[in-house]
Amino acid sequence: MQTIPEKFRVPAEQCGEVLQLQYPTRVYNPELPNYGEPYRKSVRVYLPHGYDAGKTYNVVYVLHGGGGDDFYDWLSEDDPCPTTILENLVRDGLVEPCILVFPNTRSDANQSNRNGTWTSFYHFAPDLRNDLIPFIEEQFSVGKSRESRAICGLSMGGFQTTQMGIGELYDLFAWYGAFSASFNGGNGMTFSVEKALAIVEGSDYALGYFYLACGTEDPLCYRTFSRDVATLDRYL
């Protein structure tokens, strides 16, 4: 497997900024006693260098793993931070500047507990559809078509990308990336490759791109990842 080239690991000369904001949402997990309770939720938003409200940017929603939140997993590591990689790609003309959104993907008002209720991960889709995406589109100059939106995630965030992104939000996103994940990771998940293919093939919306990857030494995800890849090979 190729590693990240060293030139993409060093901070770029032209750096963007990460904002910490709060948006209004509610508890969508029906298993919690405060189901339906409104609250304000933290989200981190990366704006590219020279952000211009007069331009329209593509936006990527980046989902954390099971032990992370809107900061931990993606923005707490310096070797390398994904914003550093992105800025170097922009410098070399390999990608266009875009906006990254790092949400807390639990539907739970207790945001301080990074190991909170597991089922709260399964109820993030209405938060994204009803609250976060409208908030981002109100605050920033982003495209409002599904072709302007991408969603990706690590581990649990990767499972959310497949199960929730395709299973519940396929009308909102055209581009997908699931890292160290598969279509069904157990723990109450009911999604599958077959369900995903049925949604894509039965929809009027085109799939822009889908990227699925997992390391061979991953003790949690490689088994289900390998099974799903084999299933995809049979259908595609």
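Residue numbering note: each chain is counted from 1, following its sequence as written. A pLDDT threshold of at least 70 governs which residues receive local features in this predicted model, and a stricter bar of 80 or more applies before side-chain atom pairs are shown or counted, although totals over entire chains, interfaces and linings include all residues. Only hydrogens and water are removed before side-chain values are computed, so all heavy atoms of the structure are retained for them.

As for the nonpolar core
- Among the buried residues, those of types Ala, Val, Leu, Ile, Met, Phe, Trp, Tyr and Cys that are joined through side-chain atoms within 4.5 Å form a nonpolar core. Relative accessible area decides the class of each residue, using a 1.4 Å probe on protein chains only: under 20% of the type maximum gives buried, over 50% gives exposed, and in between gives partly exposed. Counting residues in each nonpolar core, the largest one holds 43 residues, and the members touching the most others are Tyr61, Ile99, Leu128, Leu132, Ile136 and Phe173.
- For helices the rule is a DSSP run of H or I covering at least 4 residues; for strands it is a run of E covering at least 2, with both sets numbered from the N terminus onward. Counting only elements with at least two residues in this core, the list comes to strand E2 (38–47), strand E3 (59–63), strand E4 (99–103), helix H2 (125–139), helix H3 (156–166), strand E6 (175–179), helix H4 (193–201) and helix H5 (222–235).
- Take this core: its biggest share by element is six residues, from H2.
- Discounting chain neighbours no more than four positions away, the residues touching Ile136 are Val45, Tyr61, Val101 and Val142. Contact between two residues is taken to exist if any of their heavy atoms lie within 4.5 Å; hydrogens are not considered.

Brief notes about the packing of aromatic side chains
- Centres within 6.5 Å make a pair out of two Phe, Tyr or Trp rings, where for Trp the six-membered ring is used; the pair is then stacked when the planes are under 30 degrees apart, edge-to-face when over 60, and tilted otherwise. Under the criterion given, the structure shown has 11 aromatic pairs.
- Measuring from centroid to centroid gives 6.5 Å for Trp74 and Phe179, while their planes differ by 80 degrees, and the two rings are edge-to-face. Within this pair, whereas Trp74 is found in the loop between E3 and helix H1 (82–91), its partner Phe179 is found in strand E6, the two being separated by 105 residues in sequence.
- With relative accessibility at 17%, the residue Trp74 sits in the buried group.
- Looking at Phe179, the relative accessible area reads 25%, which means it is partly exposed.
- Among the aromatic side chains, those forming a connected cluster through ring pairs are Tyr170, Tyr176, Phe183, Phe191 and Phe210.
- A positively charged side chain is recorded as over a ring if its NZ (Lys) or CZ (Arg) lies within 6 Å of the ring centre. The angle to the ring normal must also be within 35 degrees. Taking NZ or CZ as reference, Arg146 lies 4.7 Å from the ring centre of Tyr170, over its face.

Description of the side chain of Thr83
- Counting through the fold element by element, Thr83 comes out in helix H1.
- Residue Thr83 is classed as buried on the basis of its relative accessible area, which comes to 8%.
- Among all residues touching Thr83, those that are not within four sequence positions of it are Val18, Tyr46, Leu75, Leu100 and Phe102.

Comments concerning a nonpolar patch on the surface
- Patches were defined on residues exceeding 30% relative accessible area and lacking a salt bridge, with like-charge contacts within 9 Å and nonpolar side-chain contacts (Val, Leu, Ile, Met, Phe, Trp, Tyr) within 5 Å. Methods summary: accessible areas were calculated by the Shrake-Rupley approach with a probe of 1.4 Å, and residue burial reflects only the protein chains presented. The rule for a salt bridge is simple: a side-chain nitrogen of Lys or Arg has to be within 4 Å of a carboxyl oxygen of Asp or Glu. Taken together, the side chains of Trp175, Tyr209 and Tyr211 define a hydrophobic patch exposed on the protein surface, amounting to about 340 Å² of accessible area.
- Inspection of the secondary structure puts Tyr211 in strand E7 (residues 209–213).
- Exposure remark for Tyr211: the relative accessible area of 41% places this residue in the partly exposed category.

Thoughts on the environment of Asp233
- Turning to its location among the elements, Asp233 is positioned in helix H5.
- For Asp233, a relative accessible area of 58% translates into the label exposed.
- Between the alpha carbons of Asp233 and Arg91 there is a distance of 36 Å; along the sequence they are 142 residues apart.

What about the pattern of salt bridges?
- Taken as a whole, this structure holds seven salt bridges when the rule is applied.
- Close ionic contact of Asp92 with Lys7 constitutes a salt bridge, the shortest N to O distance being 3.2 Å. With Asp92 in the loop between H1 and E4 and Lys7 in the segment before strand E1 (17–26), the pair connects residues that are 85 residues apart, well separated along the chain.
- Among the charged side chains, a salt-bridge network with shared partners connects Lys7, Arg91 and Asp92.

Quick notes on H4
- Within H4 the residues assigned to the buried category are Val193, Ala196 and Leu197. One side of H4 carries all its buried residues, which in axial view fall inside an arc of 95 degrees.
- Check the buried side of H4 and you find it contacts H3 and H5. This arc is taken over the directions from the axis of the helix to the C-beta atoms.

Overview of the state of the cysteines
- Pairs of cysteine sulfur atoms within 2.5 Å are identified as disulfides in what follows. All chains considered together, the criterion is met by zero disulfides.
- Just so you know, Cys15 is unpaired, no disulfide at all, and the nearest cysteine sulfur is the one on Cys81, 10 Å from it.
- As a non-bridged cysteine, Cys214 has Cys221 as the owner of its nearest cysteine sulfur, 5.3 Å distant.
- With relative accessibility at 10%, the residue Cys214 sits in the buried group.

Re H5
- The span you would expect from a helix comes to 1.5 Å times its residue count less one. With 14 residues, H5 should cover 20 Å at 1.5 Å per step; its first-to-last C-alpha distance of 20 Å lies within 8% of that length.
- Where H5 is concerned, the buried positions are Thr224, Phe225, Asp228, Thr231 and Leu232. Taken down its axis, H5 places every buried residue within 125 degrees of arc, on the same side. Along H5, exposed side chains directed more than 90 degrees from the buried face belong to Arg223, Asp233 and Arg234.
- Buried residues belonging to H5 abut H4 and E7.

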